[in-house]
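Observations on chain architecture
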Amino acid sequence: MRQTLIVANWKMYKTLAEAEEFIERFPGEIAGISGMETVICAPFISLARLSVLTERTTLLLGAQNMHWQKEGAFTGEISPLMLRDLGIKYVIIGHSERRLHFNESSLLIKRKVASAFNFGLIPILCIGENWEQHSSKETEKVIAEQLFGALEGLTVEKDILQKMVLAYEPVWAIGTGTPAHGDEANAIAGFIRSLLQEKWGEVSEKVRILYGGSVNPDNITEFTGKEEIDGALVGSSSLNVKTFAELIRVVFSERRA
Ligand code: PEP
């Protein structure tokens, strides 16, 4: 049984004061929720403070990116060692906004995934097709290229690899208010699992696959209610305490029903 995972991606939103206010209020809003993981991927500058504020809560923290090297002359970058040092558990890698705006290549993403594992961080690897690829029915081809581009040749034990999280995020659904259809997302998640099965056998049954793209409290169960989908990566609906708490509560109620 894979544990449900809901990941907030705050992107480049929230000052430190705003992040603190959210984290101070949020645990009260989701009191009584158990048996699922909630991760907040905050901007780097807030992580040190939030790691103190979340100490006595069930909330986990994630980063939105990282460099692959432990340390070095890489101006402006943050290393996996620095994240681990703060007790950060997860790191988003290969988000489509980084692929698009920062030209992140498969090779770079592969290095980051390998490095995350080396430093005991759990990568949340994002994959997904853009609208053009979607319209020309290239989704499966793109997914396979991105998945193997990031994972092929990784020398990681299976019991570590299975901790990985994959986020299927159709680029056309991110921040547009137009999510994928639940059945469509479930079919792609199933396809991703079949690719994992081909290469890494039973690891495929343990890896959690999330859906991301315009998820909100009203549509979340269309995704989390599906067999192959283990949770969600949530952008804009994670920025408001009340909205995100409602989304978590909806998922929790559905799991118990
Ligand atoms: C995301 O940032 O990964 C995302 C899914 O954003 P949104 O929920 O706003 O579409």
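Look up: the structure comes first, before these words.
Below is a summary of the structure that appears in this document. The model shown is predicted, which means the values in this text are computed figures rather than measured ones. (Residues numbered from 1 in each chain as written. Predicted model: local features only at pLDDT ≥ 70, side-chain atom pairs only at ≥ 80, totals over all residues. Heavy atoms only, no water.)

**With respect to empty space enclosed by the protein**
Here the structure, examined in full by the defined rule, presents one cavity of 30 Å³ or more. Considered as a void within the structure, the largest cavity measures approximately 130 Å³ in volume. Lining the largest cavity we find 14 residues, and of these Ile174, Ser214, Val234, Gly235 and Ser236 sit closest to its centre. When the residues that make up the lining of the largest cavity are grouped by side-chain class, the tally is four nonpolar, eight polar and two charged. (1 Å grid on protein atoms, 1.4 Å probe; cavity = no way out; pocket = protein on both sides within 12 Å on 5 of 7 lines; lining within 4 Å. Points joined across faces, edges and corners; volume = space filled by probe spheres on them. Nonpolar A, V, L, I, M, F, W, Y, C, P; charged D, E, K, R; others polar.)

**Here we look at the nonpolar core**
For soluble globular proteins, the rule of thumb is that nonpolar side chains tend to be buried together. Counting 69 residues, the largest nonpolar core has Ile40, Leu151 and Phe244 as the members making the most contacts within it. With eight residues, the single largest contributor to this core is helix 9 (residues 182–200). (Core = buried A, V, L, I, M, F, W, Y, C linked by side-chain atoms within 4.5 Å. Buried < 20%, exposed > 50% of the residue type's maximum accessible area, 1.4 Å probe, protein only. Helix = DSSP H or I, 4+ residues; strand = E, 2+ residues; numbered from the N terminus.)

**Here's the deal with the packing of aromatic side chains**
The full count for this structure, using the stated rule, is seven aromatic pairs. Measuring from centroid to centroid gives 5.1 Å for Phe22 and Phe26, while their planes differ by 25°, and the two rings are stacked. With Phe22 and Phe26 both in helix 1 (residues 16–29) and four residues apart, this pair spans about one turn of that helix. Phe26 shares its class with Phe22; the two are buried. Each member of the aromatic cluster is reached from another via a ring pair, and the members are Trp10, Phe22, Phe26 and Phe244. If you follow Lys14 out to its NZ or CZ, it ends over the ring of Trp10, 5.1 Å from the centre. The lysine or arginine in question, Arg111, covers the ring of Trp68, its NZ or CZ lying 5.1 Å from the ring centre. (Phe/Tyr/Trp six-rings, centres within 6.5 Å; stacked < 30°, edge-to-face > 60°. Lys NZ or Arg CZ within 6 Å of the ring centre and 35° of its normal.)

**A word on the layout of surface pockets**
Each pocket or cavity is described by its volume, and for the largest pocket that value is around 480 Å³. Around the largest pocket sit 15 residues that line it, and Lys11, Met12, Gln64, Arg98 and Phe102 are the ones nearest its centre. Ranked by residues supplied to the lining of the largest pocket, first place goes to helix 4 (residues 96–101) with three residues. Class assignment of the residues belonging to the lining of the largest pocket gives a composition of seven nonpolar, five polar and three charged. Each pocket or cavity is described by its volume, and for the second largest pocket that value is around 180 Å³. Every residue lining the second largest pocket is counted, 13 residues in all, and those nearest its centre are Ser96, Arg99, Gly128, Gln146 and Val171.

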